[in-house]
Amino acid sequence: MSDKVRVRFAPSPTGFFHIGSARTALFNWLYARHTGGDFVLRIEDTDKERNTKEALDVLLEGMRWLGLDWDEGPEVGGKYGPYFQSKRGDIYLKFLEILRAKGRAYDKDGAVFFKVSGQKQVLHDLVYGDVERMEEKDFPIFRSDGSPVFHFVNVVDDICMEITNVIRGQDHLTNTNKHIELFKAFEAPLPKFAHIPLILKSVGQGKMSKRDRGALIEEYRERRFLPEAVVNYLSLLGWNPKHDREIFSSPRDIAELFDFGGIVKSNARFDERKMAHFNTEHIRALPADRFSKICRETLDAFGLASYLNYPAEYSDKVFALCQPKVSAMDSFPSMVEYFFNDNYAFDEGGRERTFKKGDPLARMSEMLPFFESLEKVDASLLHDQLAALAEGNGIRPNDYFPALRYALSGQSGGPDLMSMAEALGKDKCVERLKRALSELK
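What comes next is a walk through the structure.

What counts as what
- Residues numbered from 1 in each chain as written.
- Predicted model: local features only at pLDDT ≥ 70, side-chain atom pairs only at ≥ 80, totals over all residues.
- Heavy atoms only, no water.
- Helix = DSSP H or I, 4+ residues; strand = E, 2+ residues; numbered from the N terminus.
- Buried < 20%, exposed > 50% of the residue type's maximum accessible area, 1.4 Å probe, protein only.
- Polar contact = N/O pair within 3.5 Å; in protein donor to acceptor, adjacent residues only side chain to side chain.
- Axes fitted to C-alpha atoms, helices over the stretch in contact; angles between N-to-C directions.
- Parallel < 35°, antiparallel > 145°, perpendicular 65-115°, else oblique.
- Left-handed = near helix turned anticlockwise from the far one by under 90°.
- Contact = heavy atoms within 4.5 Å.
- Nonpolar A, V, L, I, M, F, W, Y, C, P; charged D, E, K, R; others polar.
- 1 Å grid on protein atoms, 1.4 Å probe; cavity = no way out; pocket = protein on both sides within 12 Å on 5 of 7 lines; lining within 4 Å.
- Points joined across faces, edges and corners; volume = space filled by probe spheres on them.

When you line up the elements, Thr35 lands in helix H1 (residues 19-35). With a relative accessible area of 34%, Thr35 lands in the partly exposed category. The spacing of Thr35 and Lys4 is 31 residues in sequence and 8.5 Å in space, taken between C-alpha atoms. In terms of polar contacts, Thr35 uses its side chain to reach the backbone amide nitrogen of Gly37, at 3.4 Å.

Structure follows, in structure tokens:
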């Protein structure tokens, strides 16, 4: 077995990339990157009906989106291939003959069975400690149709690819006794095993399945989550970095700290709201240039490319202004609409909140000549200028702000008001006050 750490992720492509599978892939990737080892992607594609090219594409695209690059496998190659089980049939037959020669394989009812040793096997699991079990019954390794069984191909592939560490879900813990029997029958060195806790559904009991809300990686791609935020959250489902830090700017930062000592035994409960919170934190921490790029991609994806016809200097200013308030990119287009569309709607909920106190139309009437008199709108001066206007009219400065925001944006909340007015400029502020006075009477 290689001295270099070699781990593998061996999914069966079915057209979905499940959160649990993604977390397993991530933990393998993190350990490989932490140790300077190899991350192998191996495809279990023997189910000809479900394992289509389209299903494989979903898996590979999801892996790439998360940033989980593989050192060997599909599209990359490597000296231990083929990396598709469907292309390894001759290898499996060769290993079957080894078992037959040792008297450890026999035919029964059209299938091929493995003869167990009848001895207790001890698994030295890196998470659960020593687990002692005895496999009492012989088990099939080839079906009656000639196709090999998961336990057999899993072990054969791990031997051939010199896998040093097997990191997989806790639900495979009961399979490992069979696998140890096979490793020993082939007189092959055992890899180190680490079984990681299951991910439970957010409500109720049971393991999260692809039918549960928020269970598929594709959902987060479509909702324009940041991949590094998804990776950040998934890394903490069953692993504890042993300090108070939760937000990691990149997967590489997580890999620096990742080790088996931080993996917990108890199952992890999926919390979509917490992942959304992680996503918000990552969005707000983005460098300005990357945030602008993501904003443009989002507007284009939502069919709002016309918003991008504005000068880049204006757009970048708007994006930077909104970044501290953005909670999710799928809601970003509605948040910035009024910066790019003069015919924005007046939000009814915002109107109720704005008109609840005072007389906002009177305040707009007082602010209109004030804005018309300005040479330009300067955010650093505007607050004090409006305060002086309020004092002259015998009211509080705060009486102006909700009315101004609603007139300029049609909303009752949003980015810094003074900066928003400056970004829009004097002419638009005047036009929008006039429109509000006309339409809201």
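Now that the structure has been shown, the text picks up again.
Let us now look at the packing of helix H7 (residues 227-235) against helix H9 (residues 272-284). Contact geometry of H7 with H9 gives a least axis separation of 8 Å together with a crossing angle of 135 degrees. When the axes of H7 and H9 are compared, the pair comes out oblique. The interaxial crossing formed by H7 with H9 has right-handed handedness. For the pair H7 and H9, the contacting residues are Glu228, Ala229, Val230, Asn232 and Tyr233 in the first and Lys274, Met275, Phe278, Asn279 and His282 in the second. Per-class residue counts for the contact of H7 with H9 are five nonpolar, three polar and two charged.

It is worth spelling out the side chain of Asn177 at this point. Mapping Asn177 onto the fold places it in helix H5 (residues 176-185). The exposure class assigned to Asn177 is buried, which follows from its relative accessible area of 6%. Contact partners of Asn177, with chain neighbours within four places excluded, come to Gln121, Arg133, Met134 and Glu135.

The next subject is the layout of surface pockets. There is about 920 Å³ of room inside the largest pocket. Lining the largest pocket are 35 residues; nearest its centre among them are Pro11, Ser12, His18, Ser21 and Lys207. The set of elements that each furnish at least two residues to the lining of the largest pocket consists of strand E1 (6-9), H1, helix H4 (150-160) and strand E8 (165-169). Of the residues assigned to the lining of the largest pocket, the class counts are 14 nonpolar, eleven polar and ten charged. Considered as a void within the structure, the second largest pocket measures approximately 290 Å³ in volume. Lining the second largest pocket are 17 residues, and of these Thr354, Lys357, Asn398, Asp399 and Pro402 lie nearest its centre.

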